[in-house]
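# Per-entry structural report
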Amino acid sequence: MNCEYGLLGYPLGHSFSRAYFNRKFASEGIDAEYLNFELPDVDGLPQLLAEHPRLRGLNVTIPHKQAVIPFLDELSDEARAIGAVNVIRINHTPDGPHLKGFNSDVIGFVNSIRPLLQPHHRRALVLGTGGASKAICRGLETMGIEWRYVSRTPREGILTYSSLTPAVMAEYTVIVNCTPLGMFPRTDSSPELPYAALSERHLLYDLVYNPDITQFMRQGRRFGATVKNGLEMLHLQALASWDFWNGKE
């Protein structure tokens, strides 16, 4: 096997990336393999690189999108502005591996949600404040949509779930779940929203893609909202990852 690529995160039982890329490699005759690297602590990255000298690129997922940044030699402008990385290109030099971080979340999110947007979709609630949410906020800004964070932890400028009154829900008609709530294997969970305040004017977008229909989406459908999971975003991210790994920026 000529090259290796992989997914860095913890846990990874929910991920479809390995199957996706290995199918791509087989169908296109690419001499490469895609592996899962379950690291509970990103401090294990240098040892991982030492043990896999043929590694040419990584995708990064929960919980390492921000924690991985100090280990990188370079950041793309987009990744620096977002403050989170989900793609790493690895160039092997005489001085050792050179790691450059990118973010393909914005590309995947914007291109997958844009066809669903209506003129009244001018404000969004972003559930969660982690690395993925930062890219989502950046994507919303590029489309001219105002956003507010929602978190369980009260902080200045951030809404809490208990503050989501019917009036707030009527004003913010796009809701993006950037938390792992509802993700396999804990498929019974969902963000604590006042779902009865939803209507057909709402668009609920879940970054979770396993299962296909999350509890968050199911509740949205119940009250007439348009819903979408993160599978198309994943595919678009994967295409962008391949471009980043191969120097197409």
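Below is a summary of the structure that appears in this document. (Residues numbered from 1 in each chain as written. Predicted model: local features only at pLDDT ≥ 70, side-chain atom pairs only at ≥ 80, totals over all residues. Heavy atoms only, no water.)

## Side note on helix α4 (residues 105-113)
Within an α-helix, residues lying three or four positions from one another point in the same direction, as the helix has 3.6 residues per turn. Most of α4 sits inside the fold, with 7 of its 9 residues counted as buried. Three or more residues of α4 are buried, namely D105, V106, G108, F109, V110, S112 and I113. Those residues of α4 that are buried are in contact with α3 (77-82), α5 (131-142), β10 (174-177), β11 (203-206), β12 (226-228) and α8 (231-245). (Buried < 20%, exposed > 50% of the residue type's maximum accessible area, 1.4 Å probe, protein only. Helix = DSSP H or I, 4+ residues; strand = E, 2+ residues; numbered from the N terminus. Contact = heavy atoms within 4.5 Å.)

## Re the layout of surface pockets
Put simply, the second largest pocket is a space of about 290 Å³. Along the walls of the second largest pocket sit 14 residues, with P11, P180, M183, F184 and R186 positioned nearest its centre. Class assignment of the residues belonging to the lining of the second largest pocket gives a composition of 9 nonpolar, 4 polar and 1 charged. (1 Å grid on protein atoms, 1.4 Å probe; cavity = no way out; pocket = protein on both sides within 12 Å on 5 of 7 lines; lining within 4 Å. Points joined across faces, edges and corners; volume = space filled by probe spheres on them. Nonpolar A, V, L, I, M, F, W, Y, C, P; charged D, E, K, R; others polar.)

## Quick word on the packing of aromatic side chains
Tallied over the entire structure, the rule returns 13 aromatic pairs. Centroid distance F16 to Y209: 5.2 Å. Interplanar angle 55°. Geometry classified as tilted. With F16 in the loop between β1 (3-9) and α1 (17-27) and Y209 in the loop between β11 and α7 (215-222), this pair connects stretches of sequence that are 193 residues apart. Through a chain of ring-to-ring contacts, the aromatic side chains of Y5, Y20, F21, F25, Y34, W242 and W245 assemble into a single cluster. (Phe/Tyr/Trp six-rings, centres within 6.5 Å; stacked < 30°, edge-to-face > 60°.)

## Some remarks on the pairing of β11
Burial of the side chains of β11 extends over both faces: L203 and Y205 are buried on one face and L204 and D206 on the other. Of the pairings in the sheet, the one linking β10 to β11 comprises 4 bridges and is parallel in character. Bridging across to β11, V174 finds its partner in L203. Bridge count for β11 against β12 is 3 bridges, and the pairing is parallel. Within β12, the residue paired with L204 across the bridge is V227. (Pairing = 2+ DSSP bridges.)

## Some points on the environment of H202
Within the secondary structure, H202 is located in the loop between β10 and β11. Taking the C-alpha atoms as reference, H202 lies 34 Å from S76; in sequence the two are 126 residues apart. Discounting chain neighbours no more than four positions away, the residues touching H202 are H121, M169, A170, Y172, T173, I175, A197, A225 and T226.

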